[in-house]
Amino acid sequence: DAKTTQPTSMDCAEGRAANLPCNHSTISGNEYVYWYRQIHSQGPQYIIHGLKNNETNEMASLIITEDRKSSTLILPHATLRDTAVYYCIVRVAGQSSYKLIFGSGTRLLVRP
Amino acid sequence: GAVVSQHPSWVICKSGTSVKIECRSLDFQATTMFWYRQFPKQSLMLMATSNEGSKATYEQGVEKDKFLINHASLTLSTLTVTSAHPEDSSFYICSASWGRLFGQETQYFGPGTRLLVL
């Protein structure tokens, strides 16, 4: 699976949009971009994933560049409860047994 | 939907004893379950992948005789830490997925089990 690069930490003000970048310049054509987050002392929570089109769900939006070498996770109105470590992972989809490899992630701090 | 539970949420045991951790998919049948370990201030490390009815596949460096994994049904996988020692103290997390279609192959995680070996 392709390697990802994320900033170590970021912060944003409560109520503002949080934009978390991820570089995955070696991504293959059949690899999806997945985002998870881990709130302190909990299991990771699935947020969103996509292949090449932008995706949106009730939690976030995922913007993938046309060349697919980078993506941005957008939390439109960050709250204090969004403070967590956010992981960007690229992985081949289409098979439930394909594994996820977690990197260091981005530690997002949402300020009051 | 896609809820995964773990039991117990935390356990303290004496060195040398064995500890069993259960992982259950509550509202779907999980064809594949994964076990991870996370040490303080570190990321999740995959330990093994298990498919229902077959032997688990362990990651390099993970002792299969020490970390016994059983995935006997589509809703239950267990991890047994045999002869636990203080260095096995960690946060153990399972995840589950169930299919091949878009979304079905997504892994959903349990809340984790914190193990402390004295």
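Below is a summary of the structure that appears in this document. Keep in mind it's a predicted model, so treat the numbers as computed, not measured.

Another point: the overall build of chain A. Summing up its helical and strand segments, chain A has zero helices and nine strands in all. Element order for chain A, N to C, with α for helix and β for strand: β-β-β-β-β-β-β-β-β. A globule of 112 residues ought to have a C-alpha radius of gyration of about 13 Å, and chain A, at 13 Å, matches this closely. Projected onto the principal axes, the alpha-carbon positions of chain A cover approximately 40 × 30 × 25 Å. Each of the 112 residues in chain A was classed as buried or not, and the buried ones make up 47%. Put simply, 57% of the contacts in chain A that link residues at least 6 apart link residues at least 24 apart.

Attention now moves to the interface of chain B and chain A. Every contact between the two is made by 27 residues of chain B and, on the other side, 22 residues of chain A. Across the contact surface, chain B and chain A share one salt bridge. Between chain B and chain A we count six residue pairs in polar contact (both at pLDDT 80 or more) in total. Put simply, the parts of the chain that give the side of chain B that touches chain A at least two residues each are β4 (32-38), β5 (45-51), β9 (90-97) and β10 (108-109) of chain B. For the side of chain B that touches chain A, the element with the highest residue contribution is β4(B), accounting for four residues. Its residues assigned to classes, the side of chain B that touches chain A shows 11 nonpolar, 12 polar and four charged.

What follows covers the sheet that holds strand β3 (residues 31-38) of chain A. Residues and elements named next belong to chain A. Strand order in the open sheet made by the five strands is β1-β9-β8-β3-β4, with mixed pairing throughout. Pairing within the sheet leaves two strands with one partner each, and these edge strands are β1 (9-13) and β4 (45-50). When strand polarity is set aside, the average angle formed by the axes of neighbouring strands in this sheet is 25°. Pairing geometry for strand β8 (residues 84-92) and strand β9 (residues 106-111), over three bridges, is antiparallel. Within β9, the position partnered with Tyr 86 by the bridge is Thr 106.

Residue and element names in this part refer to chain A. Applying the stated criterion to the full structure yields two disulfides over all chains. Shown here is the disulfide that connects Cys 22 with Cys 88, its sulfur atoms set 2.1 Å apart. Given an S-S torsion of about -80°, the disulfide between Cys 22 and Cys 88 has left-handed geometry. Remark: Cys 88 occurs in strand β8 and Cys 22 occurs in strand β2 (residues 18-23); sequence separation between them is 66 residues.

Mapped onto the elements of the fold, His49(A) is located in strand β4. Polar side-chain contacts of His49(A) include one of 2.6 Å to the side chain of Tyr46(A).

Analysis parameters
Counting of residues starts from 1 at the beginning of each chain's written sequence and follows it residue by residue. To read the labels, note that chains go from A and ligands from 1, taken in the order they are written. It should be noted that, the model being predicted, local features are given only for residues of pLDDT at least 70 and side-chain atom pairs only at 80 or more, the latter also being counted only at that level, while totals for whole chains, interfaces and linings use all residues. Side-chain metrics rest on all non-hydrogen atoms present in the structure, leaving aside hydrogens and water. Secondary structure elements are taken from DSSP: a helix is a run of H or I of four residues or more, a strand is a run of E of two residues or more, and numbering for both begins at the N terminus. Atoms counted for the radius of gyration: C-alpha only. Globule rule: 2.2 Å times the number of residues to the power 0.38. Classification of residues uses two cut-offs on accessible area relative to the type maximum, computed with a 1.4 Å probe and protein chains only: under 20% is buried, over 50% is exposed, and between them is partly exposed. Whether two residues are in contact is decided by their heavy atoms: any pair within 4.5 Å suffices. Counted as salt bridges are all cases of a side-chain nitrogen of Lys or Arg within 4 Å of a carboxyl oxygen of Asp or Glu. Polar contact criterion, stated in full: a pair of N or O atoms within 3.5 Å, where within protein one must be able to donate a hydrogen and the other to accept it, and residues adjacent in sequence count only if both atoms are side-chain atoms. Residue polarity follows a fixed list, in which Ala, Val, Leu, Ile, Met, Phe, Trp, Tyr, Cys and Pro are nonpolar, Asp, Glu, Lys and Arg are charged, and the others, Gly among them, are polar. Two strands qualify as a pair provided DSSP detects at least 2 bridges between them. All axes are obtained by fitting lines to C-alpha atoms, using only the stretch in contact for helices, and the reported angles, taken between N-to-C directions, cover 0 to 180 degrees. Here, two cysteine sulfur atoms that lie within 2.5 Å of each other are counted as a disulfide.

Take it as geometry only, folks, not as evidence of what the structure does.
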